[in-house]
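This is what each chain is made of:
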Amino acid sequence: MSLLVGVMGNSLVAAQESTVTNSPSVEHSDAGSETALNQAILLYVDSSKAYVKGKLTKIDMANPEITPFVDQGNTFVPLRFLSDKLGAQLSFNSKTGEITITVNGRTGKTRVGDTALYINNQKIVMSTTAKVVNGTTYLPLRNVVEDLFQKKLTFNNGMIIISDGDHQITEEKLASLEQELRPKIIYASDLSFMYLYGDGSFHKFEVGDQSALRLVNTDGRFYYIGHIYGSTNEYYRTTVQGEVEKFEISDSERYYLAIGHEGDMYFNSVDGKIAKINYGESSQRVIGKGNLFKEAAYIDNDVIWFTDYSNEGNYAIFKLQNGKKTKLSQADCFLKYVHNNWIYYNYYENNRWTLYRMKMDGSGKKKLTGDADVVDSRISDNKIYYMDAKTKTMREMNLDGSGKRAVGKMSESAVEIFDISGGTIYYTEDNQSKKWTQSLWKMDIATGVKKRLVFTDLNFYNHWERIENVSALGDYVYYWLEGRVYAVKKDGTGRKEIEYFSNVGGAPVIYKDK
């Protein structure tokens, strides 16, 4: 097998309602700009990413929902993150709500719900009160940066720069940093990409011009691409910066790209073998027997947990390690997701779908959902949310199945949970009883109040084209339907078609980059 590395193109397709510049890439800046970056902290509203002393990091490695945010015109920042990065000591009294920050000989005190900030006993009235959101303490941006930490604050169109004085970062460098930090939803298809932003703007670009390609999946860093229906043994691994690698496998063995993970590429063969190309290498090696489905596989280092066809003639969950394939579940089980070293899986029993979990070695099996008929489920903020078709109810429970409660009632037949963000569940329903319609809904987790955002036909004559790739960001909810990307505001108004954008044989691959 040969490996070809290079940039296959950097052409850009003009887009509506957006200013399109060059394909996203981080430009080199002069030494002064780099020095200034190394002495600053950069954040972006609604983004979990940050630059600290010139290095890209996460505000909270375990929780991507911890971000700066705007509420009623006030910008809030996570206090723990800034305290850690600026060398402050932070304490929080959960009983009294008192927050204490000590830094460079100054002690600041305030309380949740209070606008008063006392710095060395001198009172400052903040622009708004401190907040605690899902266990994270936030303070108003300007008050915490300028009054408490006594740093220079620059805020421009969502970009937050915290420095000792006027920063010397060039406009060119800031533009490239904004591209990196600004939250976006990425739709990807073959060698084409579309960035969708929280204000309804977007741009579309290409990193190559090869035809007959189908994008298989992404891990957020790389995008993995094969030819339609495995028509050739050529495969690609690319980034949005246009770094495209082409792999050519000998025609003596027919392989099909199944999934990519952390740069590694996994293939199914026609004779039931799984092969792997390690990142940085140029040849494949067989690692075991089986057949991988990207929707039902979990990879950790060189171990794979996956759903596959069993010798008994039905599907089960297996573990592949060091060439040995071990069956972990009974028949009719499908791997759903892995969280905190637990495998969550669907099992069909008593004419309904249920949700179970088991440990990574197959032990500790436990049924979680009682007598519910589980259509779909998703984990968010250490809770499981699931659609119960039996009672047409959206439900919530703890990871171990305890603490079950009804979030709210659904109107028609449940289809899929797509996104959970900002305390809201975005999901779809359909009606196949004469009406043949489908709807996109949002439901508030705390109150159960729901609102229909989209109502449209369920096109039976066009291969049951469904609403897919739903993702919320900023003021908008984006979705894909019948080859086109759409946007609708979170209040259900302003629905608009963005542009035609399709992956050969189905919907594009989607990734939320926050």
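Residues numbered from 1 in each chain as written. Predicted model: local features only at pLDDT ≥ 70, side-chain atom pairs only at ≥ 80, totals over all residues. Heavy atoms only, no water.

A.B. asks: Would you mind showing me how to read the overall build of the chain here?
C.D. replies: Within the chain, the regular secondary structure consists of four helices and 48 strands. In terms of overall dimensions, the chain has a C-alpha envelope of 75 × 55 × 45 Å along the principal axes. Sequence separation of 24 or more characterises 42% of the internal contacts of the chain that already satisfy a separation of 6 or more. About 23700 Å² of surface is accessible on the chain, with carbon and sulfur atoms providing 44% of the total. When the 62 positive and 64 negative side-chain charges of the chain are each reduced to one mean point, those points stand 7 Å apart. (Helix = DSSP H or I, 4+ residues; strand = E, 2+ residues; numbered from the N terminus. Contact = heavy atoms within 4.5 Å. Areas by Shrake-Rupley, 256 points an atom, 1.4 Å probe, with all protein chains shown as cover. Lys, Arg positive; Asp, Glu negative; His and termini not counted. Charge placed at Lys NZ, Arg CZ, Asp CG, Glu CD.)

A.B. asks: Would you explain the sheet that holds strand β24 (residues 255-261) in this entry?
C.D. replies: Paired through their backbone hydrogen bonds, the strands of a sheet run either parallel or antiparallel. One open sheet accounts for four strands, arranged β24-β25-β26-β27; its pairing is antiparallel. Edge positions in the open sheet fall to β24 and β27 (285-289), since each of these has one partner strand only. Sheet twist, expressed as the average angle between the axes of neighbouring strands with direction ignored, equals 30 degrees. Here β24 runs beside strand β25 (residues 264-269); their pairing, made up of six bridges, is antiparallel. Along β25, the bridge assignment pairs L257 with F267. (Pairing = 2+ DSSP bridges. Axes fitted to C-alpha atoms, helices over the stretch in contact; angles between N-to-C directions.)

A.B. asks: Whenever I open this one, the nonpolar core confuses me. Can you help?
C.D. replies: Generally speaking, soluble globular proteins have nonpolar side chains that are buried together. Counting 32 residues, the largest nonpolar core has L43, F81, L82, I101, V144, F149 and I160 as the members making the most contacts within it. Ranked by residue count, the leading element in this core is helix α3 (residues 141-148), at four residues. Setting aside anything within four residues of it in sequence, one finds L82 in contact with L43, V77, V144, V145, F149 and I162. Listed in part, the 16 residues of the second largest apolar core include A188, Y195, Y197 and Y236. (Core = buried A, V, L, I, M, F, W, Y, C linked by side-chain atoms within 4.5 Å. Buried < 20%, exposed > 50% of the residue type's maximum accessible area, 1.4 Å probe, protein only.)

A.B. asks: Explain the pattern of salt bridges to me, please; I cannot follow it from the model alone.
C.D. replies: For side chains of opposite charge, pairing can occur when their charged atoms come near one another. The full count for this structure, using the stated rule, is 26 salt bridges. The salt bridge involving K246 is made with E234; its shortest N-O contact spans 3.5 Å. Separated by twelve residues along the polypeptide, K246 in strand β23 (residues 243-248) and E234 in strand β22 (residues 234-238) bring together distant segments of the chain. By relative accessible area, which is 22% here, E234 ends up partly exposed. (Salt bridge = Lys/Arg side-chain N within 4 Å of Asp/Glu carboxyl O.)

A.B. asks: Explain unusual backbone geometry to me, please; I cannot follow it from the model alone.
C.D. replies: Negative phi characterises most residues that are not glycine, and trans characterises most peptide bonds. Positive phi, normally seen in glycine, also occurs at Q72, with a value near 50 degrees. Within the element layout of this structure, Q72 appears in the loop between β6 (69-71) and β7 (74-78). Of the residues examined, Q72 reaches a relative accessible area of 77% and is grouped as exposed. Residue D381 is not a glycine yet carries a positive backbone phi of 50 degrees. Structurally, the position occupied by D381 is in the loop between β36 (374-380) and β37 (383-388).

A.B. asks: Looking at this model, I keep getting lost on the side chain of T218. Mind explaining?
C.D. replies: Structurally, T218 is set in strand β20 (residues 213-218). A polar contact of 3.0 Å, which involves the side chain of T218, links it to the backbone nitrogen of G220. In terms of polar contacts, T218 uses its side chain to reach the backbone carbonyl oxygen of F222, at 2.8 Å. The residues contacting T218, other than those within four sequence positions of it, are Y223, Y224, V509, I510 and Y511. (Polar contact = N/O pair within 3.5 Å; in protein donor to acceptor, adjacent residues only side chain to side chain.)

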